[in-house]
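Reading the structure
The chain contents come next:
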Number of protein chains: 2
Amino acid sequence: MQKETLCLGLLSLGPRSGYEIKQMFEGPLSDFYSLSFGTIYPTLNNLQSSKYVSCKQHAQSKKPDKKVYTITKKGLVLMKSNLLSDATEYIRSGNFGDQIKSEFFLLVLFSKYLPNEMLDTVMNERVLYLKQKLEQFKYDGPIPSELAALRKEKSIKFIRGLASTLFETGIRYVEKNRYLLKE
Amino acid sequence: MQKETLCLGLLSLGPRSGYEIKQMFEGPLSDFYSLSFGTIYPTLNNLQSSKYVSCKQHAQSKKPDKKVYTITKKGLVLMKSNLLSDATEYIRSGNFGDQIKSEFFLLVLFSKYLPNEMLDTVMNERVLYLKQKLEQFKYDGPIPSELAALRKEKSIKFIRGLASTLFETGIRYVEKNRYLLKE
DNA sequence: AAGTATATATATCAGATTGATATATATAAT
DNA sequence: ATTATATATATCAATCTGATATATATACTT
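Residues numbered from 1 in each chain as written. Chains lettered and ligands numbered in written order. Predicted model: local features only at pLDDT ≥ 70, side-chain atom pairs only at ≥ 80, totals over all residues. Heavy atoms only, no water.

Concerning the relation of the copies chain B and chain A
Each copy of the sequence occupies a distinct position, and chain B is placed on chain A by a rotation of 180° and an axial shift of 0.0 Å, giving an RMSD of 0.0 Å. What the superposition gives is, in effect, a two-fold axis relating one chain to the other. Among all residues of chain B, the one whose C-alpha sits closest to the rotation axis is I100(B), at a distance of 2.3 Å. A share of 100% of the interface residues of chain B reappears at the interface of chain A, consistent with the copies meeting face to face through the same patch. (Least-squares fit on C-alpha atoms with pLDDT ≥ 70 in both. Contact = heavy atoms within 4.5 Å.)

Topic: the domain arrangement of chain A
Residue and element names in this part refer to chain A. Assigned domains of chain A: these are domain 1 (3-93) and domain 2 (103-182). If you average the C-alpha positions of domain 1 and of domain 2, the two centres end up 27 Å apart. Counting from both sides, the interface comprises eight residues of domain 1 and, opposite them, nine residues of domain 2. Summing both partners gives a buried area of about 530 Å² for domain 1 against domain 2, and 60% of it is carried by carbon and sulfur. Among the residues domain 1 hides against domain 2, the three largest losses belong to L13, D31 and F32. Together they make up 66% of the total. Applying the counting criterion to the domain 1 and domain 2 interface returns one salt bridge. Between D31 and K133 there is a salt bridge whose closest N-O contact spans 3.1 Å. Across the contact surface, domain 1 and domain 2 share three residue pairs in polar contact (both at pLDDT 80 or more). (Domains from an automatic or database assignment. Buried area = accessible area lost by both parts, 1.4 Å probe. Salt bridge = Lys/Arg side-chain N within 4 Å of Asp/Glu carboxyl O. Polar contact = N/O pair within 3.5 Å; in protein donor to acceptor, adjacent residues only side chain to side chain.)

Focus on the layout of surface pockets
All names here are of chain A. In this structure, the largest pocket spans a volume of roughly 800 Å³. Those elements that place two or more of their residues in the lining of the largest pocket are α2 (18-26), α6 (116-138), α7 (145-151) and α8 (154-177). Ranked by residue count, the leading element in the lining of the largest pocket is α7, at four residues. Residue composition of the lining of the largest pocket, by class: 16 nonpolar, four polar and six charged. When we break the lining of the largest pocket down by domain, the ones giving at least three residues each are domain 1 (3-93) and domain 2 (103-182). (1 Å grid on protein atoms, 1.4 Å probe; cavity = no way out; pocket = protein on both sides within 12 Å on 5 of 7 lines; lining within 4 Å. Points joined across faces, edges and corners; volume = space filled by probe spheres on them. Helix = DSSP H or I, 4+ residues; strand = E, 2+ residues; numbered from the N terminus. Nonpolar A, V, L, I, M, F, W, Y, C, P; charged D, E, K, R; others polar.)

Here we look at the packing of aromatic side chains
All names here are of chain A. Applying the stated criterion to the full structure yields 16 aromatic pairs over all chains. Ring geometry for F32 and F137: centres 6.3 Å apart, planes at 55°, overall tilted. Here F137 lies in helix α6 and F32 lies in the loop between α2 and α3 (37-49), a separation of 105 residues in the sequence. Given the relative accessible area of 7%, F32 is considered buried. Seen in terms of ring centroids, F104 and F105 are 5.7 Å apart; in terms of plane orientation they differ by 75°. Their pairing is edge-to-face. (Phe/Tyr/Trp six-rings, centres within 6.5 Å; stacked < 30°, edge-to-face > 60°. Buried < 20%, exposed > 50% of the residue type's maximum accessible area, 1.4 Å probe, protein only.)

What about empty space enclosed by the protein?
The final tally for this structure, using the stated rule, is one cavity of 30 Å³ or more. In this model, the largest cavity occupies a volume close to 790 Å³. Looking at the largest cavity, it is lined by 33 residues, and the ones nearest its centre are I100(A), L166(A), D98(B), I100(B) and L166(B). For the lining of the largest cavity, the secondary structure elements donating two or more residues are α5 (103-109), α6 and α8 of chain A together with α5 (103-109), α6 (116-138) and α8 (154-177) of chain B.

Quick look at the interface of chain B and chain A
Every contact between the two is made by 69 residues of chain B and, on the other side, 69 residues of chain A. A buried area of about 7,000 Å², summed over both sides, lies between chain B and chain A, and 73% of it is on carbon and sulfur atoms. A per-residue breakdown of the area chain B buries against chain A is headed by K101(B), Y113(B) and F158(B), which together make up 11% of the total. Our count for the chain B to chain A interface comes out at four salt bridges. Between K112(A) and E153(B) there is a salt bridge, with the nearest N and O atoms lying 3.3 Å from each other. For the pair chain B and chain A, the number of links is 25 residue pairs in polar contact (both at pLDDT 80 or more). Contributions of two or more residues to the side of chain B that touches chain A are made by α1 (3-11), α4 (73-93), β3 (99-101), α5, α6 and α8 of chain B. Sort the elements by how many residues they give to the side of chain B that touches chain A and α8(B) lands first, with 15 residues. In terms of residue class, the side of chain B that touches chain A is built from 38 nonpolar, 16 polar and 15 charged. Of the strand pairs in this sheet, strand β3 (residues 99-101) of chain A and β3(B) are connected by three bridges, and their pairing is antiparallel. (Pairing = 2+ DSSP bridges.)

Structure below.
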């Protein structure tokens, strides 16, 4: 998906700054996609100069002004059109998998060359990480009001449910089968 | 993980050409990690000039010579040492998740802006893809002899088992809950 | 029989992306 | 008092990808 479409899509969920978009990639979206500051900021500037988003500068004493971007009507039109062509391209490409770089899987793949204590640490930390993530996905308590609106989106419900089962399955498998790697 | 460590690790499973390493990334490793030709070929050349791998050129009438690389003793030493520092860095970084870019999840996230038929196609193709992958992971029949050796590795058994359950879980969830996205 | 597509095989490189760094301050923790 | 973390934007060297070039064989299509 083009970075413009993605930024517009995220802004369609509510006005946000570049910093806050990055926070989404590091938080709730971290298991699905990510963009760096070096991509986000220039993209927002381009979208603004083409009037796909508007920008309100919030002065903050001594911190850089917070630039809050809002998607425009023109931007919404572009987003929907791009989304359709991105989906068409997804189908056309025949490439339905995800792009993944997993340090964990590589360490497991070469685990026979790792000292046992190191392998234990890697496994323990991974399981701990998965459990924390699972809690985040399942958590249903109070959250900031901007995010509360998101939670009602059908797509978010679907994704949270999918992520939860996948994490649960992963945790269960690793806990049951990690002994296999050591004999 | 450094690209050198990764290439050495794959060559520790048996001698291979750059093209064949790429095939591993496109085949069995595709759901865990990938490197492009533009990274693989220069890395192999560097490893060779530092004597971490040796190279036998197999002349082939009119195709470019196939360069088959074999890891050296020096290379095995470097690989084990690097693997340990890579694992240490994995622990130190506190970043235990995977780097993921999933076009599918983005399309689901913004599915309310997609026409229903397009969403159906995306879902159908994704499920089909997952089912094919699952079959590949579960398949236990005859395979080329180089790969047969791999199959006996403990780490490969662990990974195939994990991948299989995760794909099964994913398929089941999508099939049961895809209606949620449409009301 | 001719043409098209795909597979083998290495190499290179423009363009895109990341990860780190710069800048500036507030607040929390040690 | 010092260190670390968080807010906030911006930039850029270093790296990586995706595409292209080169050359041929084989399989499929019309």
